[in-house]
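Structural overview for review
Letter by letter, the chains look like this.
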Amino acid sequence: MTDTITVQKNLQLLGKYRYVEVQMMELIGSWAYTMVQPEIKIAFGRHMFQDAVHADLVGKRIPELKGRAKQYQLISPSDDFARLIETIWKADDELRRMIGLYRILKPALVNALNEHLKHVELPADEPTAFILRHIADEEHDQVAWAETMIRKLIADSKQGGELEKWQKQLEKQIHDAGGIWGDGKQSGSYLFKKSHPYSELPARDQRWNIMRKVDEFSEKNWSFDTNEGKLHLLHDLLNSEFITVERMGRIISDFPEIPWQMKLDMTRQGWDESRHAEIVQRRLEELGGHVGMYPTSFFGWEQDVNRPDPLERLALSNMTFESESCKHLRDWIAKADKTGDTRSKQLIEFLLADEVNHVLYGIHWIDELTRDDPERRQRVLSYPDKVLDAQHPVGIYFKETINAQKESS
Ligand SMILES: [Fe+2]
Ligand SMILES: [Fe+2]
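For clarity, every value in this text was computed on a predicted model and none was experimentally measured. (Residues numbered from 1 in each chain as written. Chains lettered and ligands numbered in written order. Predicted model: local features only at pLDDT ≥ 70, side-chain atom pairs only at ≥ 80, totals over all residues. Heavy atoms only, no water.)

Moving on, we come to the overall build of the protein chain. What the protein chain contains, in helices and strands, is 13 helices and 2 strands. Expected size for 409 residues packed as a compact globule is a radius of gyration near 22 Å; at 23 Å, the protein chain falls within 12% of this value. For the protein chain, the proportion of its 409 residues judged to be buried stands at 55%. Nonlocal contacts in the protein chain, meaning residues at least 24 apart in sequence, comprise 83% of its contacts between residues at least 6 apart. Charged side chains of the protein chain number 55 positive and 67 negative; the gap between the two group centres comes to 2 Å. (Helix = DSSP H or I, 4+ residues; strand = E, 2+ residues; numbered from the N terminus. Rg over C-alpha atoms; globule rule 2.2 N^0.38 Å. Buried < 20%, exposed > 50% of the residue type's maximum accessible area, 1.4 Å probe, protein only. Contact = heavy atoms within 4.5 Å. Lys, Arg positive; Asp, Glu negative; His and termini not counted. Charge placed at Lys NZ, Arg CZ, Asp CG, Glu CD.)

We now examine the pattern of salt bridges. Side chains bearing opposite charge may pair, as long as their charged atoms lie close to each other. Taken as a whole and assessed by the stated rule, the structure comprises 40 salt bridges. Residue Glu39 pairs with Lys152 through a salt bridge whose shortest N-O separation is 3.6 Å. You can see Glu39 sitting in helix 2 (residues 38–64) and its partner Lys152 sitting in helix 5 (residues 126–156), a full 113 residues away along the chain. Judged by relative accessible area, which is 34%, Glu39 ranks as partly exposed. (Salt bridge = Lys/Arg side-chain N within 4 Å of Asp/Glu carboxyl O.)

Before going further, it helps to examine the coordination of the iron ion (ligand 2). The iron ion (ligand 2) binds to the protein through Glu273 (OE), Glu322 (OE), Glu355 (OE) and His358 (ND1), with metal-donor distances spanning 1.8 to 2.1 Å. Written as a sequence motif, the donor residues of the iron ion (ligand 2) are E-x48-E-x32-E-x2-H. Separation of the iron ion (ligand 2) from the iron ion (ligand 1) amounts to 3.5 Å, with Glu273 serving as a shared donor to the pair. Here His358 and Glu355 lie together in helix 11 (residues 342–369), a separation of 3 residues that amounts to about one turn. The residues Glu355 and His358 share a single accessibility class, namely buried. (Donors = N, O, S within 2.8 Å, 3.2 Å for Na, K, Ca; no water.)

Moving on, we get to the coordination of the iron ion (ligand 1). Taken together, the protein ligands of the iron ion (ligand 1) are Glu241 (OE), Glu273 (OE), His276 (ND1) and Glu355 (OE), with distances of 2.0 to 2.3 Å. Around the iron ion (ligand 1) sit 4 donor atoms; with metal-centred angles ranging over 82 to 155 degrees, the donor geometry is irregular. Going along the chain, you hit the donors of the iron ion (ligand 1) in the pattern E-x31-E-x2-H-x78-E. (Tetrahedral: all angles 85-135°; square planar, octahedral: opposite > 155°, others 65-115°.)

With that settled, consider the nonpolar core. Tyr17, Phe44, Phe81, Met98, Leu105, Ile180 and Met266 are the most contacted members of the largest nonpolar core, which totals 75 residues. With near-sequence residues (within four places) excluded, Met266 lies in contact with Met248, Ile251, Ile252, Leu314, Tyr361 and Trp365. (Core = buried A, V, L, I, M, F, W, Y, C linked by side-chain atoms within 4.5 Å.)

Time to look at the environment of Met149. Following the sequence through the fold, Met149 ends up in helix 5. In this structure, Met149 is in contact with Glu39, Ile40 and Met98, ignoring residues within four places of it in sequence.

Before going further, it helps to spend a moment on the packing of aromatic side chains. Counted by the stated rule, this structure contains 8 aromatic pairs. Relative to Trp301, the ring of Tyr33 has its centre 5.8 Å away and its plane inclined at 40 degrees; by these criteria the two rings are tilted. On the criterion of sequence distance, the pair formed by Tyr33 in the loop between helix 1 (7–31) and helix 2 and Trp301 in helix 9 (residues 301–305) is long-range, its members being 268 residues apart. The burial state of Tyr33 is the same as that of Trp301; both residues are buried. An angle of 70 degrees between the planes, with centres 6.0 Å apart, marks the rings of Tyr102 and Trp145 as edge-to-face. Within this pair, whereas Tyr102 is found in helix 4 (residues 94–118), its partner Trp145 is found in helix 5, the two being separated by 43 residues in sequence. (Phe/Tyr/Trp six-rings, centres within 6.5 Å; stacked < 30°, edge-to-face > 60°.)

Turning our attention to the environment of Thr226. Within the fold, Thr226 resides in the loop between strand 1 (209–210) and helix 7 (227–254). Residues Thr226 and Lys194, 32 residues apart in the sequence, show an inter-C-alpha distance of 45 Å. Looking at Thr226, its side chain comes within polar contact range of the main-chain nitrogen of Gly229, at 2.9 Å. (Polar contact = N/O pair within 3.5 Å; in protein donor to acceptor, adjacent residues only side chain to side chain.)

Glancing now at the packing of helix 11 against helix 12 (residues 374–390). The contact between helix 11 and helix 12 brings their axes to 9 Å, and the two run at 155 degrees. With respect to their mutual orientation, helix 11 and helix 12 come out roughly antiparallel. In this structure, helix 11 uses Ile366, Asp367 and Leu369 to contact helix 12, whose residues at the interface are Arg376, Arg377, Val380 and Leu381. The residue makeup of the contact of helix 11 with helix 12, split by class, is 4 nonpolar, no polar and 3 charged. (Axes fitted to C-alpha atoms, helices over the stretch in contact; angles between N-to-C directions. Parallel < 35°, antiparallel > 145°, perpendicular 65-115°, else oblique. Nonpolar A, V, L, I, M, F, W, Y, C, P; charged D, E, K, R; others polar.)

A rise of 1.5 Å per residue sets the reference length of helix 2, with its 27 residues, at 39 Å; its end C-alpha atoms lie 40 Å apart and thus fit the reference within 8%. With 20 of 27 residues buried, helix 2 is to be regarded as a mostly interior element. Taken from the residues just after helix 2, Lys66 is the one with a positive phi, measuring 70 degrees. (Expected span 1.5 Å × (residues − 1).)

With omega at 0 degrees, the peptide bond leading from Leu122 into Pro123 counts as cis. Mapped onto the elements, Pro123 comes out in the loop between helix 4 and helix 5. The phi angle at Lys66 is positive, at roughly 70 degrees, despite the residue not being glycine. One can find Lys66 in the loop between helix 2 and helix 3 (79–90).

Right, let's talk about a nonpolar patch on the surface for a bit. A contiguous nonpolar surface patch, about 230 Å² in accessible area, is contributed by Val356, Leu360 and Ile363. Looking at the element boundaries, Val356 is found in helix 11. (Patch = residues over 30% accessible without salt bridge, like charges linked within 9 Å, V, L, I, M, F, W, Y side chains within 5 Å. Areas by Shrake-Rupley, 256 points an atom, 1.4 Å probe, with all protein chains shown as cover.)

Positionally, Arg18 belongs in helix 1. Summary of buried charges: Arg18 has no salt-bridge partner, and the nearest side chain of opposite charge, Asp56, is 6.4 Å away. At 3.2 Å, the side chain of Arg18 forms a polar contact with the side chain of Gln73. Ignoring anything within four residues of it in the chain, the contact list for Arg18 reads Ala55, Val58, Gly59, Gln73, Leu74 and Trp260.

Interpretation in functional terms is not warranted from these geometric data alone.
Right, here's the structure in full:
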C-alpha cells in the first residue's frame, strides 16, 4: 500500500485496533489469577491498564473522524482472528499463553500500527499519528519485557520443541486470518465468552504458605510500631495486593458488558495494586522479611470472584475490605512517623492515596448502576454482612471494627 490513509480507511482500521486491545485486556484479566509467577501478575496489572488506555484513546479518535455509530468502535478483523484469540485464551499453561499474547498478538499489532504510521496523512491526521505512536511504543516495551520472561521460562521448562510448534501454529493461524487488518477478509462476528470455573484460591508460587482455616488468622492483631509487627502486616498486605490485581482482572474478563468508564476504573485499580505489590514486597525485604514467612489468608476470595454480580464484589472488597484497609494504613503511617520510619511512612502515604480512590470506585459504581433498581441495590449492599456473619472469627473481627468505626464517625 502506497497511498496515505484516508478518513474512511481510518474508520475501517481503528475499530480493529480497539477490538484487539480490548481482547488483550480481557485475556490478561482472565489469566491473572491462574498465573503462578509473581512478576507476571505485576506486569499483568500494568499491561491490562495500558491496553485499556490504548483502547480508550483509539475509541475517542473514532468519532472525531465522523465514525459516530457504535459499529465503528469494535471491529473484529475476521472470524478466523476471533478464533485465534479463543485458541490463545484456552492455552492452559503460562508459557503458551505468554507466547500467544506477547510473541503473536502484540507484535502483530505493533507491526500494523507501524505500517499505518508510515502511511498517515500529515499534518491532516496528526491526532491519529500521535495516538498510534504512543500505543506502538508502550506495546513494544511490553513485548520486550515479556521476551525476557519467556526466555527465562523456556530455559527452565523441558518443552522447547513443543512450544516452537505452538508458536508456528499460531503464526500460521494469524497469517491465514489476515492479521490485525483482516486483509482479504470480511470483518467477523464470531463471539466467545471467557468463562471461569468456580475458584477456591488464586494460584501462588510454592513460597506461599496458605492458611486452611480462617481461625488461624491473627495478622491484624499486630501493630506497626515494632519490626516484627511490620513484617506481619506488610506480608499480609502483600498478599492482599496480589489478590486485588487478580480480582480486577476477573471483573474485566467476567463482565464485558459493564460501562467502559467502569472498565477504565477497574484496570486503573489493577495497575495501582500491582505497583503496591512491588512496593510492599520491596519494603518487606528491606526490613528483613520475605515472601512465605507467615501463613497467608485468602479470606474473602471465594466470596468475591464467584459472585455473578460485579457490584456485590465491589461492595464486599472495595467498600468493605479496602475501606477497612484505609483505616489501618492511617494507623501505620502514624506509627511509622512516631518511630522515625520515614521510608515506610512515605510509601504507605502513596498506598493510602490510591486506596481511597478504590473505595470511591466501589461507592460510585454501585450508586450509578443501581440508581433505578432499589432491589439490586439492597441485595448488593447487604452482601458484605452476609459474608462477614458466615466467617468466624475473621468476619467477626471485621464487623466489630467496622461497627466501631461507624459509631465513632
Ligand atoms: Fe492496594
Ligand atoms: Fe486497593
